[in-house]
Amino acid sequence: MSPRTAPPRFGPLQLALAAAARRRPPWTCSWTAGWRRSTRGTATPLGRAALALLAAASAAAQACSWLWLRSDPPALRPAVPVLLLAALHLLQLGFFFRCLYALKVGWRVCWARAEEEDEQRHMAFISHDISMLRLFETFLENTPQLTLLLYIVLRTNKAEISQGLGMVTAFLCVSWSLLDYHQSLRSFLQDKYELSRSSSIVYFLWNLFLICPRILALALFALLWPYGMAVHFSLLWLALFLWVSLQGTDFMESAGSEQLYRAMVAVILYFSWFNVAQGSTLHRSIIYHGFMLVDSTLLGLAWLWGRPPEEEEEHSYLVPVVSAALPCYLLGLGLRVTYYKWLHPNVRLRREGRYDEVDANGGGDGVEFRSFLEPDLVNRRMQWLAQSHFSLSQPAQQHFLNGDAAV
């Protein structure tokens, strides 16, 4: 496979995926019904906290979508009255509108007789916005729902088929959203190898094996101490927010909206690794995964040691599950190292005796981005994201866990 030198093509498959982007998560109804049955009409502390987080997360995602639309150059904005756009976002329909708009642009690109390069690049930028918002929705809305559903199943010791299928689908969707985001961000760059099928599978699996033990540890700790779960999230979120702030992100247009972005990223980091700063990610990744490994282990041990004696027999089946969580997490880390050691697209470049154009000595100090024919139409936030994820400039920095270790 050779590097792409042309803008990406969008066919019927991409249009269908864009149309399905706003589909309601399959586990939403099942966790709501289970929660009502398990609490018998009274809300649990964890349930109230989760619902409050979901409401705030939905509002934050809609605010990001609105701020992005307002900061885009006029040529990139949909030809829709501002008041109508504002109303759609207030009604929590901003993301849905973006998907419909992407369908419209994608249909025009897919079936146009005369290929318009700017239209194809415009579609790439729109798709990346949708991918970013879907990632926010996954970790700010769907992943807390998944944790709550797992808590309900463990508390009631009962699970319907729909709940079991919903949880399996949810875990797969969380991992898929990370892969989709990474592929979308990589397609934003010029002259980059795409992920091969084997690379994509390993990338998907490592995220799956890292996320599953994390969510299990959170659900078990909530089973032991629901109020403690709220305290744990608040303290850890604050620490992660400060960590993101110290890395000096510059994603949004204003200082206030930048704080909103950092707060949302801190929620993502509560569940999964997410790179937000330029430069080598090796040391930051080691610090993050080491901290999460210790935190999740302590949560699991707290449940093992603190569970009431009357529940030991009832939840005896969880002991081998908890025991397998640590090997699962370590397997995920091993797959991550395997990916960057042998399966990363840059490995193929090194085998051919060359590097990505953005990493070559004579290729400049920055990243070569896909851009519109008119420089004023470049989307600044996407350019910053690509710089954060693909910012190497010297072959000596081509370590398997550096530079392109984006998410």
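Keep in mind that what you see is a predicted model, and the values were worked out from it rather than measured. (Residues numbered from 1 in each chain as written. Predicted model: local features only at pLDDT ≥ 70, side-chain atom pairs only at ≥ 80, totals over all residues. Heavy atoms only, no water.)

**Section: the overall build of the protein**
Okay, step 1: For the protein, the count of helices and strands is 15 helices and zero strands.
Okay, step 2: Here the protein, with 407 residues, has 52% of them falling under the buried criterion.
Okay, step 3: Considering only residue pairs separated by 6 or more positions, the protein has 78% of its internal contacts joining residues 24 or more positions apart.
Okay, step 4: When the accessible surface of the protein is split by element, carbon and sulfur atoms take 64% of a total near 18,300 Å². (Helix = DSSP H or I, 4+ residues; strand = E, 2+ residues; numbered from the N terminus. Buried < 20%, exposed > 50% of the residue type's maximum accessible area, 1.4 Å probe, protein only. Contact = heavy atoms within 4.5 Å. Areas by Shrake-Rupley, 256 points an atom, 1.4 Å probe, with all protein chains shown as cover.)

**A look at the packing of helix H8 (residues 197–224) against helix H11 (residues 282–306)**
Okay, step 1: Where H8 contacts H11, the axes come no closer than 9 Å and their chain directions differ by 40°. Our classification of the angle between H8 and H11 gives oblique. With respect to the hand of their crossing, H8 and H11 are arranged in left-handed fashion. Between H8, through Leu210, Arg214, Ala217, Leu218, Leu220, Phe221, Leu223 and Leu224, and H11, the contact on the second element is made entirely by His289, Met292, Asp295, Ser296, Leu299, Ala302, Trp303 and Gly306.
Okay, step 2: Its residues placed into classes, the contact of H8 with H11 shows 11 nonpolar, three polar and two charged. (Axes fitted to C-alpha atoms, helices over the stretch in contact; angles between N-to-C directions. Parallel < 35°, antiparallel > 145°, perpendicular 65-115°, else oblique. Left-handed = near helix turned anticlockwise from the far one by under 90°. Nonpolar A, V, L, I, M, F, W, Y, C, P; charged D, E, K, R; others polar.)

**What to know about the side chain of arginine 98**
Okay, step 1: Looking at where arginine 98 falls in the secondary structure, it is placed in helix H5 (residues 94–111).
Okay, step 2: With a relative accessible area of 7%, arginine 98 lands in the buried category.
Okay, step 3: A distance of 3.2 Å separates polar atoms of two side chains, one belonging to arginine 98 and the other to aspartate 129.
Okay, step 4: Leaving out residues up to four positions away in the same chain, arginine 98 has contacts with Ser65, Trp68, Leu69, Asp129, Ile130 and Leu133. (Polar contact = N/O pair within 3.5 Å; in protein donor to acceptor, adjacent residues only side chain to side chain.)

**Some points on unusual backbone geometry**
Okay, step 1: One non-glycine residue, glutamine 92, lies in positive phi territory at about 65°.
Okay, step 2: Checked against the element boundaries, glutamine 92 lands in the loop between helix H4 (82–90) and H5.
Okay, step 3: Non-glycine residue asparagine 157 carries a positive phi angle of around 60°.
Okay, step 4: Counting through the fold element by element, asparagine 157 comes out in the loop between helix H6 (117–156) and helix H7 (161–186).
Okay, step 5: Take asparagine 157: its relative accessible area is 31%, and that puts it in the partly exposed class.

**Describing the UniProt feature "transmembrane region" (unreviewed entry) in the protein**
Okay, step 1: Under the local residue numbering, the UniProt record ascribes the feature "transmembrane region" (unreviewed entry) to residues 46–68, 80–103, 164–181, 201–223, 230–248, 260–277, 286–305 and 317–339.
Okay, step 2: Secondary structure across residues 164–181 divides into 100% helix and 0% strand, with the first and last C-alpha atoms of the span separated by 26 Å. (UniProt positions renumbered as here; feature names shortened; annotations may be inferred.)

**What to know about the pattern of salt bridges**
Okay, step 1: Counted according to the given criterion, the structure contains four salt bridges.
Okay, step 2: Residues arginine 98 and aspartate 129 are paired through a salt bridge, measuring 3.2 Å at the closest nitrogen-oxygen approach. Taken together, the residues arginine 98 in helix H5 and aspartate 129 in helix H6 connect sequence positions 31 residues apart.
Okay, step 3: Taking the relative accessible area as the measure of exposure, aspartate 129 reaches 5% and is therefore buried.
Okay, step 4: The partner of arginine 262 in a salt bridge is glutamate 258, with the nearest N and O atoms 3.9 Å apart. Here the residue arginine 262 and the residue glutamate 258 both occupy positions in helix H10 (residues 255–271), the gap between them amounting to four residues, near one helical turn.
Okay, step 5: The buried category is assigned to glutamate 258, whose relative accessible area is 5%. (Salt bridge = Lys/Arg side-chain N within 4 Å of Asp/Glu carboxyl O.)

**Regarding the packing of aromatic side chains**
Okay, step 1: Going through the model one piece at a time under the given rule, you end up with 17 aromatic pairs.
Okay, step 2: The interplanar angle of 75° and the centroid separation of 5.8 Å between the aromatic rings of tryptophan 68 and phenylalanine 251 together place this pair among those described as edge-to-face. Pair noted here: tryptophan 68 is in helix H3 (residues 45–71) and phenylalanine 251 is in the loop between helix H9 (226–246) and H10, with a separation of 183 residues, a long-range link.
Okay, step 3: What makes tryptophan 68 buried here is its relative accessible area of 2%. (Phe/Tyr/Trp six-rings, centres within 6.5 Å; stacked < 30°, edge-to-face > 60°.)

**A few points about the environment of valine 82**
Okay, step 1: Relative to the helices and strands, valine 82 is located in helix H4.
Okay, step 2: Looking at valine 82, the relative accessible area reads 41%, which means it is partly exposed.
Okay, step 3: Considered as a pair, valine 82 and leucine 69 are 13 residues apart in the sequence and their alpha carbons are 9.8 Å apart.
Okay, step 4: What valine 82 contacts, discounting residues up to four positions off in sequence, is Trp66 and Arg70.

**Focus on H9**
Okay, step 1: The end-to-end C-alpha distance of H9 is 31 Å, a good match for the 30 Å that 21 residues give at a rise of 1.5 Å each.
Okay, step 2: Where H9 is concerned, the buried positions are Gly228, Met229, His232, Leu236, Leu240, Phe241 and Val244.
Okay, step 3: Once H9 ends, the next one or two residues include glycine 248, with phi positive near 65°. (Expected span 1.5 Å × (residues − 1).)

**Overview of the side chain of serine 175**
Okay, step 1: Checked against the element boundaries, serine 175 lands in helix H7.
Okay, step 2: When its relative accessible area of 0% is taken as the criterion, serine 175 is described as buried.
Okay, step 3: Among the polar contacts made by the side chain of serine 175, one reaches the main-chain carbonyl oxygen of phenylalanine 204 at a distance of 2.5 Å.
Okay, step 4: The contacts of serine 175, once residues within four sequence positions are left out, are Phe204, Asn207 and Leu208.

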